[in-house]
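Here is how the chains run, residue by residue.
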Amino acid sequence: MSLDKFFDTVNQDQDNYVAKLKEIVAIPSISCVAERRADTVRMGEWIIAELERLGATTKRVEPGTQQLDGQTVDLPPVVLATYGTDPSKKTVLIYGHYDVQPALKEDGWNTDPFTLVEDKEHRLIGRGSTDDKGPVLGWLCAIEAHQKIGLDIPVNLKFCFEGMEESGSEGLDAIIAAEAEGYFKGVDCVCISDNYWLGKTKPCLTYGLRGINYFGISVKGPAQDLHSGVFGGTVHEPMTDLITLMASLVDSQGRIRVPGIMDQVADLTDAEKKTYEGLDFSHADLHAALGGAKTELHADPQDTLMHRWRYPALSLHGIEGAFYAPGGKTVIPSHPIGKFSIRTVPDMDPHTVDKLVKEYLEAEFKKLNSKNTLTIICGHHGKPWVSSPDHWNFVAGAKAVERVFNCQPDLTREGGSIPVTLTFQDALKKNVLLLPMGACDDGAHSINEKVDRRNFVEGIKLYGAYFHELAAVKTE
Ligand SMILES: NCC(=O)N[C@@H](Cc1c[nH]cn1)C(=O)O
Ligand SMILES: [Zn+2]
Ligand SMILES: [Zn+2]
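Note that the coordinates shown come from a computational prediction; the quantities given were computed from them, not determined experimentally. (Residues numbered from 1 in each chain as written. Chains lettered and ligands numbered in written order. Predicted model: local features only at pLDDT ≥ 70, side-chain atom pairs only at ≥ 80, totals over all residues. Heavy atoms only, no water.)

Undergrad: How should the sheet that holds strand β11 (residues 211–220) be read in this particular structure?
TA: Within a sheet, neighbouring strands are paired by backbone hydrogen bonds and run either parallel or antiparallel to one another. One open sheet holds the 4 strands; their spatial order is β13-β15-β11-β16, and the pairing between them is antiparallel. Every other strand in the sheet has two partners, leaving β13 (313–320) and β16 (373–382) as the edge strands with one partner each. The average undirected angle you get between the axes of adjacent strands in this sheet is 20°. Pairing geometry for β13 and strand β15 (residues 337–344), over 7 bridges, is antiparallel. For G318, the partnering residue across the bridge sits in β15 and is K339. On the sheet, helix α7 (residues 238–247) packs against β11, β13, β15 and β16 and is oriented at approximately 150° with respect to β11. Where helix α11 (residues 350–367) meets the sheet, its contacts fall on β11, β15 and β16, and the angle it forms with β16 comes to roughly 165°. (Pairing = 2+ DSSP bridges. Helix = DSSP H or I, 4+ residues; strand = E, 2+ residues; numbered from the N terminus. Axes fitted to C-alpha atoms, helices over the stretch in contact; angles between N-to-C directions. Contact = heavy atoms within 4.5 Å.)

Undergrad: So what exactly am I meant to see when it comes to empty space enclosed by the protein here?
TA: Summed over all chains, the structure comprises 2 cavities of 30 Å³ or more. Estimated volume of the largest cavity: approximately 40 Å³. Taken together, I24, M43, W46, I47, Y98, K133, V136, L137 and L140 make up the lining of the largest cavity. Within the residue set of the lining of the largest cavity, elements represented by two or more residues are α3 (37–53) and α4 (133–149). Element by element, the count of residues in the lining of the largest cavity is highest for α4, at 4 residues. Of the residues in the lining of the largest cavity, the class split is 8 nonpolar, no polar and 1 charged. Looking at the second largest cavity, its volume works out to about 30 Å³. Together, P63, P76, P77, V78, E162, G163, M164, E170 and L172 line the second largest cavity. Partitioned by chemical class, the residues of the lining of the second largest cavity number 6 nonpolar, 1 polar and 2 charged. (1 Å grid on protein atoms, 1.4 Å probe; cavity = no way out; pocket = protein on both sides within 12 Å on 5 of 7 lines; lining within 4 Å. Points joined across faces, edges and corners; volume = space filled by probe spheres on them. Nonpolar A, V, L, I, M, F, W, Y, C, P; charged D, E, K, R; others polar.)

Undergrad: How should I be thinking about the coordination of the zinc ion (ligand 3) in this particular structure?
TA: Coordination angles at a metal have ideal targets, namely 109.5 degrees for four tetrahedral donors and 90 or 180 degrees for six octahedral donors. At the metal site, the zinc ion (ligand 3) is ligated by D131 (OD), E166 (OE), E166 (OE) and H445 (NE2), and these contacts range over 2.0 to 2.7 Å. Each donor residue of the zinc ion (ligand 3) lies on one chain, and together they are spaced D-x34-E-x278-H. The zinc ion (ligand 2) is placed at 3.4 Å from the zinc ion (ligand 3), the two being bridged by D131. On the criterion of sequence distance, the pair formed by E166 in the loop between β8 (156–162) and α5 (172–179) and H445 in the loop between β19 (432–434) and β20 (450–452) is long-range, its members being 279 residues apart. Take E166: its relative accessible area is 14%, and that puts it in the buried class. Using a relative accessible area of 41% as the deciding quantity, one classes H445 as partly exposed. (Donors = N, O, S within 2.8 Å, 3.2 Å for Na, K, Ca; no water. Buried < 20%, exposed > 50% of the residue type's maximum accessible area, 1.4 Å probe, protein only.)

Undergrad: What is the right way to read the state of the cysteines from this model?
TA: Two cysteines form a disulfide when their sulfur atoms are joined by a covalent bond. Counted by the stated rule, this structure contains 0 disulfides. Cysteine C141 remains unbridged, with the sulfur of C191 as its closest cysteine sulfur at 16 Å. (Disulfide = S-S within 2.5 Å.)

Undergrad: In this structure, what is going on with the side chain of K461? I would like to understand it.
TA: Counting through the fold element by element, K461 comes out in helix α14 (residues 453–472). Under the relative-accessibility criterion, K461 is labelled buried at 7%. Engagement of the side chain of K461 in a polar contact is seen with the side chain of E458, the distance being 3.0 Å. Beyond its immediate chain neighbours, meaning those up to four positions away, K461 contacts F6, F7, V10, N11 and V404. (Polar contact = N/O pair within 3.5 Å; in protein donor to acceptor, adjacent residues only side chain to side chain.)

Undergrad: When you look at the coordination of the zinc ion (ligand 2) in this model, what are you seeing that I'm missing?
TA: For the zinc ion (ligand 2), the full set of protein donor atoms is H97 (NE2), D131 (OD), D194 (OD) and D194 (OD), at a range of 2.0 to 2.6 Å. Read from N- to C-terminus, the donor residues coordinating the zinc ion (ligand 2) fall into the pattern H-x33-D-x62-D. Given the relative accessible area of 6%, D194 is considered buried.

Undergrad: It is not clear to me how the layout of surface pockets should be interpreted in this structure. Could you clarify?
TA: A probe matching the size of a water molecule, rolled over the atoms, marks out where space remains unfilled. Computed from the structure, the second largest pocket encloses a volume of approximately 290 Å³. What lines the second largest pocket is a set of 16 residues, and nearest its centre among them are D173, H381, G382, P419 and T423. Looking at the lining of the second largest pocket, the elements with two or more residues in it are α5, α11, β16 and α13 (420–428). Per-element tally for the lining of the second largest pocket: the top contributor is α13, with 4 residues. Residue composition of the lining of the second largest pocket, by class: 5 nonpolar, 7 polar and 4 charged.

Undergrad: It is not clear to me how the packing of helix α1 (residues 4–12) against α4 should be interpreted in this structure. Could you clarify?
TA: For any two helices packed against each other, one specifies the inter-axial angle together with the distance between the axes. As a packed pair, α1 and α4 sit with axes 9 Å apart at the nearest point and diverge in direction by 115°. Here α1 and α4 pass one another in a crossing that is right-handed. Counting all contacts with α1, which are made through K5, F6, T9 and V10, the residues of α4 involved are A142, A145, H146, K148 and I149. Counted by class, the contact of α1 with α4 contains 5 nonpolar, 2 polar and 2 charged residues. (Left-handed = near helix turned anticlockwise from the far one by under 90°.)

Right, here's the structure in full:
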């Protein structure tokens, strides 16, 4: 079968697709703040409308409410959709998320984060361009291009798009469990496009993710912020305690200092070690993703990948309630909350991780002899996931890569977390393939997040080619 006409159509219509991406980047669907919840819901509604325009049948599922920023707010809808119900065709379930990480121009963006701009190098810059609005839209553009040329999509499509992925996917697991024998019945395999290539030119198929345990350390002292001239030297300062605790978690070589964490990590076998050989990855790729900084922790690129994929990492994210604005305010913050997370790997258990962290921080706090009050907040969890890339779903993905990019994909794991991956695998008992469109230097979660126009356009072709390869692939 020739897909040339489909590829030509995607090329011709690419400006329309980019215009749509601009439209949705402009919706600031930040899931972690109550102030943006209405926008997040609006983004879900945009997707429902677009799916219906394409002829899909949609089902809007309300996951319930949550406590956020001191208020009870509705969780954004989970969008389920069906496109095609031919019993003679395979059915693929596609998952993506329409929420994004926070972004402020003051964080260091060169342009307004919620206005998609294209620069001279054809980078499409804006929050969500690569994580995950570009890929979500890409699936819909692939359908549109098929319709335009009257080309049949040779598989049935089911969609599950959520608006809480960046905030722990609250409410989603329950919906998947409830619909495993309902809406998701008949699904043959799952595909997710929400991660990145190893480098800037070669696509990959991904079969592993790290998990995540998110934490807060709250240190409470005086009832309000204080003048440091009047009170400095006379009271236990919450920030001093907090900084000491945060510094005790990890050293400058990235080694986690919480006892017991490393004991849970699965041993590296010879077979696993072999999977790192021949991967198209160098420290030049890492440096590109770091914006030119050469600050790697490990000398050998394979060690870098192992520490991204199969070892845990503890990252300090920020401090809420501390003075961070420009200027020299002489304040003693009364109630700072430090935030950090641990990226988890096989065979770490999220509840054991919580317990070890809590016990360690409480013991460290005791040593400070402080009269402040410590509370450890154990936030959301997501388990690590590793699967087999030998499944026919991966064979179809690899063939689609060959068709569009004329090369064999890298087989990778990933350092980030998409907890629903494991949920789908366990609840539906089906293989899950991660098929990214973005490059290693896209800057997801960072300033100036982008997707290259080439990746966006070729990614749409990749998704279309994947539909056709899925239909053709042998399943025995
Ligand atoms: N593209 C996947 C992704 O960015 N996932 C997030 C999930 C998350 C968990 N807690 C907050 N966000 C990630 O950080 O890996
Ligand atoms: Zn994402
Ligand atoms: Zn993300």
